[in-house]
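# What the coordinates show
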Amino acid sequence: RNRGLGSRLVAYMENFARKRQIATLKLFTVDKSDFYLRRGWDFDYKARVGRREVDVMSLNLARVM
């Protein structure tokens, strides 16, 4: 925790997608929405996955290039 590994992994994933001209990334998270919001992701909506409520988020790669 707090060593930047999560940020590096997400940055790698974002760059990987950009190189392949993927326009939008989506994910869901149980409790890390703030982490993704700080990185420029948007909150889309709440959903249920199994018995858990999650936040569905997206990143428009064309917008943040």
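Look up a bit, the structure's there.
Attention in this report is confined to the structure presented alongside it. (Residues numbered from 1 in each chain as written. Predicted model: local features only at pLDDT ≥ 70, side-chain atom pairs only at ≥ 80, totals over all residues. Heavy atoms only, no water.)

## Digging into the packing of aromatic side chains
Going by this rule: Centres within 6.5 Å are what make two rings of Phe, Tyr or Trp a pair, Trp counting through its six-membered ring; a difference in plane orientation under 30 degrees is then read as stacked, over 60 as edge-to-face, and the rest as tilted. Sitting over a ring, as applied to charges here, requires NZ of Lys or CZ of Arg to be within 6 Å of the ring centre and within 35 degrees of the ring normal.
A full pass over the atoms with the stated rule returns three aromatic pairs. On the numbers, 4.9 Å between centres and 85° between planes, the contact of Phe 35 with Tyr 36 is edge-to-face. The ring of Phe 16 carries Arg 20 above its face, with NZ or CZ at 3.5 Å from the centroid.

## What to know about the nonpolar core
Quick reminder of the rule: Throughout this description, the term nonpolar core refers to a set of buried Ala, Val, Leu, Ile, Met, Phe, Trp, Tyr and Cys residues connected via side-chain atoms within 4.5 Å. Burial classification: accessible surface area is computed with a 1.4 Å probe over protein chains only, and a residue below 20% of its type maximum counts as buried, one above 50% as exposed, and the rest as partly exposed. Here a strand is any run of E in DSSP of at least two residues, a helix any run of H or I of at least four, and the numbering for each starts at the N terminus. By definition in these notes, contact holds between two residues if any of their heavy atoms fall within 4.5 Å.
By size, the foremost hydrophobic cluster in this structure holds nine residues: Val 10, Ala 17, Leu 25, Leu 27, Tyr 36, Trp 41, Met 57, Leu 59 and Leu 61. Of all the secondary-structure elements, those providing two or more residues to this core are helix 1 (5-19), strand 1 (24-29) and strand 3 (52-60). Beyond its immediate chain neighbours, meaning those up to four positions away, Val 10 contacts Phe 35, Tyr 36, Arg 39 and Trp 41.

## Describing helix 1
This is how the line gets drawn: Expected helix span is computed as 1.5 Å times (number of residues minus one). This arc describes the spread of directions from the helix axis toward the C-beta atoms.
Across its 15 residues, helix 1 extends 21 Å between first and last C-alpha, which sits within 8% of the 21 Å expected from 1.5 Å per residue. Looking only at helix 1, the buried set comprises Val 10, Glu 14 and Ala 17. Mapping the buried residues of helix 1 onto a view down its axis gives an arc of 65°, with all of them on the same face. When the buried face of helix 1 is taken as reference, the exposed residues oriented beyond 90 degrees from it are Arg 8, Leu 9, Tyr 12 and Lys 19.

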